[in-house]
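Coordinates in review
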Amino acid sequence: MISAKKTYYLTTVYSLLLVALSILVSCNITSPTQSGSYKMLYDYQSNVLHPEIILYHFSDDSSTIHFRIKSNELLYSRATAEAPFLAKIKLKCITFNETGGIADTTSLTITDYARSQQGWLLGQFNIALKAGSVNLVVECSDVKKNSFAQSYIKSEKQNTYSPQNYLMVDAHSEEPLFGSFADDNQVVKVISNRNKGNTSSFYVGQYLGEMKLPPPPFSTSTPEMPDLTKTNLEVFETDSAGNQFFLAEEGLYLVTHDPEKKNGAIIHSSNNFYPEIKAIEQLPFPLRYITTRVEFDDIKDNYYPKKKVDEFWLECAGSKERARDLIRIYYNRVEEANYYFGNFTEGWRTDRGMIHIVFGNPTRIVKQQTYETWIYGEEGQATTLTFVFKKQESALSPNIYVLNRDPAFKQYWEKQVTSWRNGRIYNE
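A few points on the structure. (Residues numbered from 1 in each chain as written. Predicted model: local features only at pLDDT ≥ 70, side-chain atom pairs only at ≥ 80, totals over all residues. Heavy atoms only, no water.)

**Here's the deal with the environment of Ile400**
How we decide: Helical segments are the DSSP runs of H or I of at least four residues, strand segments are the runs of E of at least two, and each set is numbered from the N terminus. Any two residues whose heavy atoms approach within 4.5 Å are treated as being in contact.
Position of Ile400 relative to the elements: it lies in the loop between strand S21 (385-391) and strand S22 (401-403). Other than its neighbours up to four places away in sequence, Ile400 contacts Met225, Asn343, Phe344, Lys390, Lys391, Gln392 and Ser394.

Right, here's the structure in full:
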């Protein structure tokens, strides 16, 4: 399972080198967009590092990269028996120009001291970034472990109302809210430097519609997208210090300075463990993909849902030991879906999340700028299964991909669901 949240700031425990270079060619960077062929792109367990990145535009010519990294994914070692245990992390942000060439590179090197408790390492660094639409790659490397991860970001800086002009932080800790998710009943502080001088107020609208699950892959319907232009905006005044706050109860919110509601930042307030599945009340809902409507309602509405969940898995598995394996596999996939595919809703509720949970990791993923192709089995074989997800341009999130549905998927879906229900799912 993905480890619990506990944060430590990079304030007094690191040394920092910030180097801005006009031209630097990296052997790890071959394209300004995340394209190519992958085997384990969304396999959380197979990837060593899982950094989270936020791009925030605080002025017309500069922006900030906020990051957090799990300390238990880093290698801490020492040079001598008397020396402290240290980890060395390097972050590199490469900015590409319109033609795909490298325009600028900014690097940051951190030395972090080991501590008795594991947690998050948080930090930030500024980059030169002018208005327009450009691509960025942020590379995070554990120097001692010789492992790295890359994050691909499209910078949208045409106007001050676009999402990257808003930084949401916890009002008490000042920690950024990564993934655009807040805890239930969390007080959120809104930072928007490029809009600060425009008005003394900002708007928050809560979407009150139902967040529905995506239709099955063989359906003729497509997922419903929330229409945030129909939300009722509430005006919030800034305080005497110019700060902006609001209380995020459970639900989806639009935060903006645009009264026409065409642009702004999205934040989803969910359970206090997201992207993890830890609370009992979270367990029933992802089961909808492999249960009948009657079964699901019986589990969800029962006074003891955990007991009904256990009974479901025991019936599928036939033994407690096998049931534990199925539960671990299923909910690990749910957490992976939350980590990789979250947008305006939880990742497990998305098209890619649905396929990832039920079918597992593909044999191969072909990723391009506007679509992803997931291939199960060897290409060219009669039994090969292929899902294509098209990227949707939306103010709701840059991470929305919609499946090309096909009635022919019904036989594959039903076969896979039957495998789950007969306990015939094993680790990839």
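**Observations concerning the pairing of strand S11 (residues 167-170)**
Just so we agree on the cut-off: Remark: exposure states derive from per-residue accessible area (1.4 Å probe, protein chains only) relative to the maximum for the residue type, with buried under 20%, exposed over 50%, and partly exposed in between. In short, DSSP must find at least two bridges between two strands for them to pair.
Burial along S11 is two-sided: Leu167 and Val169 and Met168 and Asp170, pointing in opposite directions, are all buried. With 4 bridges connecting them, S11 and strand S13 (residues 186-191) associate as antiparallel partners. Considered in S13, the bridge of Met168 is made with Val190.

**Considering the sheet that holds S13**
Heads up, the condition is: Working convention: axes come from line fits to C-alpha atoms, limited for helices to the stretch in contact. Angles between N-to-C directions cover 0 to 180 degrees.
With antiparallel pairing, the 3 strands of this open sheet are ordered in space as S11-S13-S16. Lying at the two open borders of the sheet, with one neighbouring strand each, are S11 and strand S16 (244-248). Strand-to-strand twist in this sheet, taken as the mean axis angle between neighbours without regard to direction, amounts to 35°.

**Some remarks on helix H5 (residues 410-421)**
Under the convention used in this document: Given the number of residues in a helix, its expected span is that number minus one, multiplied by 1.5 Å. Working definition: the arc comes from the directions between the helix axis and the C-beta atoms, pointing outward to the latter.
Helix length check: H5 (12 residues) gives 16 Å between terminal C-alpha atoms against 16 Å at 1.5 Å per residue, within 8%. Residues of H5 that are buried include every one of Trp413, Gln416, Val417, Ser419 and Trp420, and no others. Viewed along the axis of H5, the buried residues span an arc of 155°, placing them on a single side of the element. Turned more than 90 degrees from where H5 packs its buried face, Gln411 and Lys415 sit exposed. Where H5 is buried, its residues meet helix H2 (305-317), helix H3 (320-341) and helix H4 (351-359). Gly423, located one to two residues past H5, shows a positive phi value of around 70°.

**So, the side chain of Thr95**
Residue position: Thr95 is located in strand S6 (residues 86-96). Those residues within four positions of Thr95 in sequence are excluded, and the remaining contacts are Gly101, Ile102, Ala103, Asp104, Leu129, Val134, Asn135 and Leu136.

**Some points on the pattern of salt bridges**
In plain terms, the rule: Salt bridge, as used here: a side-chain nitrogen of Lys or Arg that lies within 4 Å of a carboxyl oxygen of Asp or Glu.
For the structure shown, the criterion picks out 19 salt bridges. A salt bridge links Asp298 to Lys308; its shortest N-O distance comes to 3.1 Å. Of this pair, Asp298 sits in helix H1 (residues 293-300) while Lys308 sits in helix H2; the two residues are 10 residues apart in sequence, bridging distant segments of the chain. For Arg352, the salt bridge identified is with Glu372, shortest N-O distance 3.0 Å. Note that Arg352 is positioned in helix H4 and Glu372 in strand S20 (residues 371-376), a separation of 20 residues in sequence. Given a relative accessible area of 2%, Arg352 falls into the buried group. Taken together, the shared-partner salt bridges in this structure form one network comprising Asp298, Lys307, Lys308 and Glu311.

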